[in-house]
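# Chain and residue survey
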Protein chains: 2
Amino acid sequence: MSDGVELRELRYFRAVAEELNFTRAAERLGIAQPPLSRTIRAMERRLGVRLLDRSSHGTELTAAGAVLLEQARLVLTAADAAVQRTVRAGRVEPRLVIAAQPSGHGGLLQRLVDQYHSSGVWPSAEVALGGWGAPTAMLREGRADVALLRDPFDPQGLDFEVVATEPRVAVLPHTHRLIAAKLLCRQDLAGEPVPRWRSEGHREAAYRAAVDHLPPEHPLPPGPEVNNLMELLEMVALGQGVAFLSESTAAQHRRADLVHVPVSDISPSRIYVAWPQGSRSPAVAAFVRCCLQEEEWPTD
Amino acid sequence: MSDGVELRELRYFRAVAEELNFTRAAERLGIAQPPLSRTIRAMERRLGVRLLDRSSHGTELTAAGAVLLEQARLVLTAADAAVQRTVRAGRVEPRLVIAAQPSGHGGLLQRLVDQYHSSGVWPSAEVALGGWGAPTAMLREGRADVALLRDPFDPQGLDFEVVATEPRVAVLPHTHRLIAAKLLCRQDLAGEPVPRWRSEGHREAAYRAAVDHLPPEHPLPPGPEVNNLMELLEMVALGQGVAFLSESTAAQHRRADLVHVPVSDISPSRIYVAWPQGSRSPAVAAFVRCCLQEEEWPTD
DNA sequence: AACGATTACGCCATACGTAATCATG
DNA sequence: CATGATTACGTATGGCGTAATCGTT
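Residues numbered from 1 in each chain as written. Chains lettered and ligands numbered in written order. Predicted model: local features only at pLDDT ≥ 70, side-chain atom pairs only at ≥ 80, totals over all residues. Heavy atoms only, no water.

### Topic: the overall build of chain A
Along chain A, the regular secondary structure elements total 10 helices and 12 strands. Burial statistics for chain A: of 300 residues in total, 46% are counted as buried. Expressed as a percentage of contacts within chain A between residues at least 6 apart in sequence, the contacts between residues at least 24 apart total 73%. Put simply, chain A shows about 14400 Å² of open surface, and 53% of that area lies on carbon and sulfur atoms. (Helix = DSSP H or I, 4+ residues; strand = E, 2+ residues; numbered from the N terminus. Buried < 20%, exposed > 50% of the residue type's maximum accessible area, 1.4 Å probe, protein only. Contact = heavy atoms within 4.5 Å. Areas by Shrake-Rupley, 256 points an atom, 1.4 Å probe, with all protein chains shown as cover.)

### A short note on the relation of the copies chain A and chain B
Relative to chain B, chain A is turned by 180 degrees and slid 0.1 Å along the rotation axis, the superposed coordinates differing by an RMSD of 0.2 Å. As the rotation angle and translation indicate, the two copies are arranged about a two-fold axis. A share of 100% of interface residues in chain A that are also interface residues in chain B marks the association as one of identical surfaces. (Least-squares fit on C-alpha atoms with pLDDT ≥ 70 in both.)

### A few points about the protein's contact with DNA strand C
Taken together, 18 residues lie around DNA strand C, and Ser37, Arg41 and Arg54 of chain A together with Tyr12 and Ser56 of chain B are the ones closest in. A breakdown of the atoms of DNA strand C within 4 Å of the protein gives sugar and phosphate a share of 74%. Threonine 23 of chain A places a side-chain nitrogen or oxygen 2.9 Å from a phosphate oxygen of DNA strand C. Arginine 8 of chain B is positioned such that a nitrogen or oxygen atom in its side chain is 3.0 Å from a sugar or linking oxygen of DNA strand C. Those elements that place two or more of their residues in the surface near DNA strand C are helix H2 (22–29) and helix H3 (33–47) of chain A together with helix H1 (7–19) and helix H3 (33–47) of chain B. (Near = heavy atom within 4 Å. Polar contact = N/O pair within 3.5 Å; in protein donor to acceptor, adjacent residues only side chain to side chain.)

### As for the nonpolar core
Grouped together as the largest cluster of nonpolar side chains are 56 residues, with contacts concentrated most on Phe13 and Ile40 of chain A together with Phe13 and Ile40 of chain B. Residue assignment for this core shows that the elements contributing at least two residues are helix H1 (7–19), H2, H3 and helix H4 (63–90) of chain A together with H1, helix H2 (22–29), H3 and helix H4 (63–90) of chain B. With residues near it in sequence (within four places) discarded, phenylalanine 13 of chain A still touches Ile40, Met43, Leu51, Leu52, Leu61, Gly65, Leu68 and Leu69 of chain A. (Core = buried A, V, L, I, M, F, W, Y, C linked by side-chain atoms within 4.5 Å.)

### Comments concerning the UniProt feature "domain: HTH lysR-type" (unreviewed entry) in chain A
Per the UniProt annotation, the sites labelled "domain: HTH lysR-type" (unreviewed entry) are residues 5–62 of chain A. In this annotation, residues 5–62 of chain A is assigned 62% helix and 14% strand; the end-to-end C-alpha distance for the span is 19 Å. (UniProt positions renumbered as here; feature names shortened; annotations may be inferred.)

### Digging into unusual backbone geometry
Positive phi values are uncommon outside glycine, yet leucine 20 of chain A reaches one of about 55 degrees. As for its placement among the helices and strands, leucine 20 of chain A is situated in the loop between H1 and H2.

### Comments concerning the pairing of strand S3 (residues 96–100) of chain B
Residues and elements named next belong to chain B. The element S3 is largely enclosed, with a buried count of five among its five residues. Taking every second residue as pointing to the same face, both faces of S3 are buried, with Leu96, Ile98 and Ala100 on one and Val97 and Ala99 on the other. Of the pairings in the sheet, the one linking S3 to strand S4 (residues 125–129) comprises five bridges and is parallel in character. Across the sheet, the residue bridging to leucine 96 is alanine 125, located in S4. (Pairing = 2+ DSSP bridges.)

### Comments concerning the interface of chain A and chain B
Across the boundary between the two partners, chain A contributes 34 residues, which contact 34 residues of chain B. For the pair chain A and chain B, the two sides together bury roughly 2800 Å², of which 60% comes from carbon and sulfur. When residues of chain A are sorted by the area they lose upon contact with chain B, Glu6, Thr86 and Gln277 of chain A head the list and together hold 19% of the total. There are two salt bridges connecting chain A and chain B. The partner of glutamate 6 of chain B in a salt bridge is arginine 11 of chain A, with the nearest N and O atoms 2.5 Å apart. (Buried area = accessible area lost by both parts, 1.4 Å probe. Salt bridge = Lys/Arg side-chain N within 4 Å of Asp/Glu carboxyl O.)

### Structural notes on the protein's contact with DNA strand D
Not every one of the 19 residues close to DNA strand D is listed here, only the nearest: Tyr12 and Ser56 of chain A together with Ser37, Arg41 and Arg54 of chain B. Here the atoms of DNA strand D within 4 Å of the protein split so that 70% fall in sugar or phosphate, with bases taking the remainder. Separating a phosphate oxygen of DNA strand D from a side-chain N or O atom of arginine 54 of chain B is a distance of 2.4 Å. No other element matches the four residues that H3 of chain A contributes to the surface near DNA strand D. Residues belonging to the surface near DNA strand D are distributed by class as follows: seven nonpolar, eight polar and four charged. (Nonpolar A, V, L, I, M, F, W, Y, C, P; charged D, E, K, R; others polar.)

### So, H2 of chain A
Side chains of residues three or four places apart in an α-helix project in the same direction, reflecting 3.6 residues per turn. Residue and element names in this part refer to chain A. Those residues of H2 not exposed but buried are Phe22, Ala25 and Ala26. Down the axis, H2 shows its buried residues gathered within 100 degrees of arc, on one side only. Packing partners of the buried residues in H2 comprise H1, H3, strand S1 (52–55) and strand S2 (58–61). Two to three positions downstream of the cap, the backbone nitrogen of threonine 23 sits 2.8 Å from a side-chain oxygen, assigning the N-cap of H2 to asparagine 21. Once H2 ends, the next one or two residues include glycine 30, with phi positive near 75 degrees. (Arc of directions from axis to C-beta.)

### Considering the packing of aromatic side chains
A full pass over the atoms with the stated rule returns eight aromatic pairs over all chains. Considering the side-chain rings of phenylalanine 153 of chain A and tyrosine 272 of chain A, the 5.2 Å spacing of their centres and the 65 degrees angle between planes classify their relative orientation as edge-to-face. Taken together, the positions of phenylalanine 153 of chain A in the loop between strand S5 (146–150) and strand S6 (158–166) and tyrosine 272 of chain A in strand S12 (residues 269–276) put the pair 119 residues apart, joining distant regions of the chain. For phenylalanine 153 of chain A, a relative accessible area of 15% gives the class buried. Judged by relative accessible area, which is 11%, tyrosine 272 of chain A ranks as buried. Here the aromatic rings of phenylalanine 153 of chain B and phenylalanine 160 of chain B are separated by 5.2 Å at their centres, their planes lie at 85 degrees, and the arrangement is edge-to-face. On the accessibility criterion, phenylalanine 160 of chain B (35% relative accessible area) is partly exposed. Members of the aromatic cluster, connected to one another through ring pairs, are Phe153, Phe160 and Tyr272 of chain A. (Phe/Tyr/Trp six-rings, centres within 6.5 Å; stacked < 30°, edge-to-face > 60°.)

### So, the packing of H2 of chain A against H3 of chain A
Packed helices, taken two at a time, are described by the angle their axes make and the gap between the axes. Residue and element names in this part refer to chain A. The contact between H2 and H3 brings their axes to 9 Å, and the two run at 110 degrees. The orientation of H2 relative to H3 falls into the category roughly perpendicular. In this structure, H2 uses Phe22, Thr23, Ala25, Ala26 and Leu29 to contact H3, whose residues at the interface are Gln33, Leu36, Ser37 and Ile40. When its residues are assigned to classes, the contact of H2 with H3 shows six nonpolar, three polar and no charged. (Axes fitted to C-alpha atoms, helices over the stretch in contact; angles between N-to-C directions. Parallel < 35°, antiparallel > 145°, perpendicular 65-115°, else oblique.)

Now the structure itself:
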């Protein structure tokens, strides 16, 4: 039983497994092919497992290789995160870095930061904004300590709690037949196209549109793809679809040519506070405590 | 920005941080002190962070060092797990390893394994038993794929679902004043000593006794320490305390000198199925599906 | 032939150990 | 002075690059 692997080996393997080509992988790593080839073979011999099928028609992952690729990504991310967190903890004046998506929380983020600051002499807070998926990545990579997230997010490696729940509204063009309604249900809007997020290039973005805006039992009418909130609202204004946004998001982006109508039977939007699993940081704990004292979202 | 760390450095640092003494750490690692000292210093210089306070009165961790110790443990565990999972995935006939505590689930485990086996041509299942804390450790270290767990467990790095819920009973000596009762509430037994688990040497064992057997608002009457279930029952039989066990556990260990009485207001015992976070294994998914089809626990 | 992976071989970086040095109670 | 960390220095393991070889299409 040889004792283990080194990160260098995992970095090399990841490159090969992702490129499925030793030459390109070596280029990407900035080394020559032979050491790469040797390192992978040595690892295979040491573990007693074939990781790659080197057939004539190119290189393929074996089942074991697929497992190692997945695992190697986790280990390498964790190693980078370890360094990041250590360096940040060692700064003379450490900061609590709060990651969040821009303009998604109304005054909530501001209130939480204020409350956190007024709660004592903890490291001062600093907000880092990023698009969908960025806050969770920052947590995993050790570049942020805590994050405010909207409903569908990848919980891998994170702990989280619900901070607030708020109903969603339908955003309709002002020419829509239903703008006079006080309350809609999903059925009233069945068949209306719903724009889809394409923004961050993630597969999950499509998923987000589906899960975030509609319960899964409703089929999703295909709508135009949009890259951000402004495009989304423009699409709606142009009559290309309807959008379902949380009240606060909608309220922050009022337009004369759009109307908001509450919807009764859509899953409410939830805001979570999340942090790296097992974080022992007192500052994180203090911020989370602030979050959990937060009231239900005020309904305007 | 130097690119990162190597596992060797993290292994070295962990040894020093745990021993708080370079000499002992070097012995533990099987190397001489100088390379150890140099490696740590090099790491400090590269990261630009002091990890250890080397004062006269011994070596202490800095705040950053404490963070790195915690992180290093995670990374090293993840790296070992990566190897284990890869090796197991590469076996000619891979097995689904199910970790569980011995004799804690009545026929549940057997039923689940049978159901899993009859559900198709997946890798065959193999059960690995271990004391409290062992199943979760096996999952984290890549030595098991999935586990059946009882209520208080450390969820770090795991995903889980509830499989079954069952009420608890009080286990009383047959000489007890309340053996004729059909149903007790916690108040009836207030002040009775409750034996505590000492078994696995974990701090968590005490926590277990508290959270598992009693809601936290009840103060825990100090009871004798026991190492296993047999000792626990013996203590109860000797009149040294009362125990609160799940129905199925109690049922599997009937004794002529013990009586079981249902308790109304104690949190029920839950059985979970858990697996490494983000596991993509189809075999694990199949087993979890079997678990979720499981009915509520039959009440005898 | 051409492309991609592997083996052969010489070089250099770096991790190691021994021994000497420093700092502190 | 004794204990424990660091610096100095010579050695050697092993990871790298260049060049040659193998194996497919």
